[in-house]
Amino acid sequence: MQVLTDERLTLDRFMRDVRRRSPGEEEFHQAVTEVAEKVIPFINDHPEYLENRILTRLTEPDRVIMFRVCWEDDDGHVRMNRGYRVQFNNSIGPYKGGLRFDPSVNLSVLKFLAFEQVFKNSLTTLPMGGGKGGSDFNPKGKSDAEVMRFCQAFMTELSRHIGAHVDVPAGDIGVGAREVGFLFGQYKRLQNEFTGVLTGKGLTYGGSLIRPEATGYGSVYFAREMLATRGEDLEGKTCVISGAGNVAQYTAEKLIDLGARVVALSDRQGTVHDSDGLTPAKLNYVMELKNKRRGTLREFADEFGLNFFEGARPWGITCDCAFPSATQNELDGDDARTLLDNGCILVSEGANMPSTPEAVELFEESGILYGPGKAANAGGVAISGLEMTQNSMRISWSREEVDRRLQGIMRSIHEQCEEYGGTEQGGVNYVKGANIGGFVKVAESMVAQGVV
Ligand code: NDP
Ligand code: 2IT
């Protein structure tokens, strides 16, 4: 039976309704549960949110667009993939969020990502709603020409649904500078309009300085804010990072810059361990390897005589601080126990939902500094927001200006977490703080805009 009122929500009853509406979407259920757990007690104290059924409406996307994408490979064979755009909520601004190209992409994954994006974008303080899209297309092993033809076919349909004031996509897993360039080119060709319809663009055609760095830098800035609450900093801290892509690379760069020791990175093949700590030269090698030659970390390990653990994740390597920066559910309960047993004091999530619910619970119980993705990795979309600002103003800010704003935004996100997540013991529950902090602005806007 459909629940017709949100009067005094309970988590069980609410989640039963979400599962009934969206059966089988496990990642989406996981993301909603994490938010609902924290915001339901808050909502129960606010009758206007109950009367307006805000949480029920917030867990149903505004619309989901799914489409066929046909393209030809280099051998002239016809290939087919599925494309998606989930436009989740535009109460506080145009839909905004990345595109993911990966064989694991399905509706559940994109709905979880779009849902997270609503709260994350709200936390940035900028006027952006939440969306996400992508395809099950696998860019691995494809030529540049194949990637271009796929991007053109994908954008041919997507272009009908996006726009600088409607929905502004960007990158995510499998979508970086190369893909954004091809997507932008096709949008411009179809619409005959040069506009800020995508972010993460190249610097020569409307991109913002610091956008490539922003997610990784932001995650480190957030870690710095968390450490400061305990009178500590990153200098001399031993850090492990999962992933070796955009977020991981710039997390490593900023950590090294701030005097930390980065001892591990990972990719789909396994984990590389560098007990001496990565140097800027070694990191440059990784960037060249991953971004240009599109190789694996095994080659990096072989080149520098480092240990490579096939198929392993980095959480078994002793560290003070962990930066999960690859993908969802990459850190489970056992990994969390290992990290805690080895003395880890901080986890800052560069990836979206990298920790399983069991891992999150263990981190919360332990009282370590645990920054969930929607707070810790919001720097990327924040600078996307500033790319939109610069495009509208038709100017470009300097590196220093953008970096200064990024640091200010990460500080403000930390303050919102403190405001809504303060504990009786005088600490901060960042999961609670980020979820309620992100919720409030969206909920207020929905109430003000009526039943739409
Ligand atoms: P990239 O594609 O640049 O890099 C992803 C990295 O993670 C790669 O090294 C990849 O390995 C590894 N990886 C991906 N999937 C798996 C898997 N199933 N198992 C093991 N390793 C895996 O993506 P990004 O760095 O952009 O994104 C990483 C995470 O950060 C994602 O969760 C994304 O949603 C999140 N994020 C990204 C933002 C951005 O601005 N780009 C902003 C906020 C969050 P390999 O090298 O072998 O491909
Ligand atoms: O998950 C994310 O926040 C992103 N992939 C970045 C989105 C964006 O619009 O820059």
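That block above? That's the structure.
Residues numbered from 1 in each chain as written. Chains lettered and ligands numbered in written order. Predicted model: local features only at pLDDT ≥ 70, side-chain atom pairs only at ≥ 80, totals over all residues. Heavy atoms only, no water.

Caption draft 1: Local environment of the overall build of the protein. Counting its secondary structure elements, the protein contains 17 helices and 12 strands. Since a compact globule built from 452 residues should have a radius of gyration of about 22 Å, the 21 Å found for the protein is in line with a globular shape. When the 452 residues of the protein are sorted by exposure, 58% land in the buried category. A sequence separation of at least 24 residues applies to 71% of the contacts in the protein between residues at least 6 apart. Surface accessibility of the protein: about 18300 Å² in total, with carbon and sulfur atoms responsible for 47%. Seen as two clouds, the 50 positive and the 63 negative side-chain charges of the protein have centres 5 Å apart. (Helix = DSSP H or I, 4+ residues; strand = E, 2+ residues; numbered from the N terminus. Rg over C-alpha atoms; globule rule 2.2 N^0.38 Å. Buried < 20%, exposed > 50% of the residue type's maximum accessible area, 1.4 Å probe, protein only. Contact = heavy atoms within 4.5 Å. Areas by Shrake-Rupley, 256 points an atom, 1.4 Å probe, with all protein chains shown as cover. Lys, Arg positive; Asp, Glu negative; His and termini not counted. Charge placed at Lys NZ, Arg CZ, Asp CG, Glu CD.)

Caption draft 2: Broad picture of the site of ligand 2. Surveying the vicinity of ligand 2 reveals 14 residues, the closest of which are K96, K120, K132, D172 and S384. In this structure, S384 approaches ligand 2 through a side-chain N or O atom, which is 2.5 Å from an oxygen atom. The protein chains hide 94% of the 300 Å² of surface that ligand 2 would expose on its own. Broken down by secondary-structure element, the contributors of at least two residues to the shell around ligand 2 are strand 3 (95-101), helix 5 (107-123) and helix 15 (379-393). Here the residues of the shell around ligand 2 sort into two nonpolar, seven polar and five charged. (Near = heavy atom within 4 Å. Polar contact = N/O pair within 3.5 Å; in protein donor to acceptor, adjacent residues only side chain to side chain. Nonpolar A, V, L, I, M, F, W, Y, C, P; charged D, E, K, R; others polar.)

Caption draft 3: Main features of the pattern of salt bridges. For the coordinates displayed, the defined rule picks out 32 salt bridges. For R21, the salt bridge goes to D17, with nearest N and O atoms at 3.8 Å. Separated by four residues within a single helix, R21 and D17 lie in helix 1 (residues 11-21), roughly one turn from each other. Judged by relative accessible area, R21 falls into the partly exposed class, the value being 24%. Here R178 and D144 are joined by a salt bridge, their closest N and O atoms 2.7 Å apart. Residue R178 is found in helix 7 (residues 177-191), and its partner D144 is found in helix 6 (residues 144-158); the two are separated by 34 residues along the sequence. The exposure class assigned to D144 is partly exposed, which follows from its relative accessible area of 47%. Several salt bridges share partner residues, and in doing so they unite D17, R20, R21 and E60 into one network. (Salt bridge = Lys/Arg side-chain N within 4 Å of Asp/Glu carboxyl O.)

Caption draft 4: Broad picture of the packing of helix 1 against helix 2 (residues 26-44). Across the interface, helix 1 lies against helix 2 with an axial gap of 10 Å and an inter-helix angle of 150°. Relative to helix 2, the element helix 1 lies roughly antiparallel. Like other packed secondary-structure pairs, helix 1 and helix 2 cross with a definite hand, here right-handed. From helix 1, L11, F14, M15, V18 and R19 reach across to helix 2, where they touch F28, H29, V32, T33, A36, E37 and I40. (Axes fitted to C-alpha atoms, helices over the stretch in contact; angles between N-to-C directions. Parallel < 35°, antiparallel > 145°, perpendicular 65-115°, else oblique. Left-handed = near helix turned anticlockwise from the far one by under 90°.)

Caption draft 5: Broad picture of the site of ligand 1. Ligand 1 sits among 23 residues. The nearest are K140, D172, T215, K290 and N352. Note that an oxygen atom of ligand 1 is positioned 3.4 Å from one of the backbone N or O atoms of G350. Protein burial of ligand 1: of its 880 Å² of free accessible surface, 83% is covered by the chains. At the level of elements, helix 8 (211-228) and helix 9 (246-257) are the ones that each hand at least two residues to the shell around ligand 1. Here the shell around ligand 1 is composed, by residue class, of five nonpolar, 10 polar and eight charged.

Caption draft 6: Representation of unusual backbone geometry within the structure. One non-glycine residue, T125, adopts positive backbone phi at about 80°. Among the structural elements, T125 can be located in the loop between helix 5 and strand 4 (130-135). One non-glycine residue, N329, lies in positive phi territory at about 55°. Looking at the element boundaries, N329 is found in the loop between strand 10 (321-323) and helix 12 (333-341). Judged by relative accessible area, N329 falls into the partly exposed class, the value being 27%.

Caption draft 7: Just helix 2, in detail. With 19 residues, helix 2 should reach 27 Å at 1.5 Å per residue; the first-to-last C-alpha distance of 26 Å fits that figure. Among the 19 residues of helix 2, 15 are classified as buried, and the element is accordingly described as predominantly covered. (Expected span 1.5 Å × (residues − 1).)

Caption draft 8: Main features of the sheet that holds strand 10. As summarised here, the arrangement of the seven strands in space is 9-8-7-6-10-11-12, forming an open sheet in which the pairing is mixed. At either end of the open sheet lies a strand with only one pairing partner, and these are strand 9 (307-310) and strand 12 (369-371). Taking the axes of each pair of neighbouring strands and ignoring which way they run, one obtains an average angle of 15° across the sheet. Bridge analysis of strand 7 (residues 261-267) against strand 8 (residues 270-273) gives four bridges, and the strand direction is antiparallel. The residue of strand 8 that forms the bridge with L265 is V272. (Pairing = 2+ DSSP bridges.)

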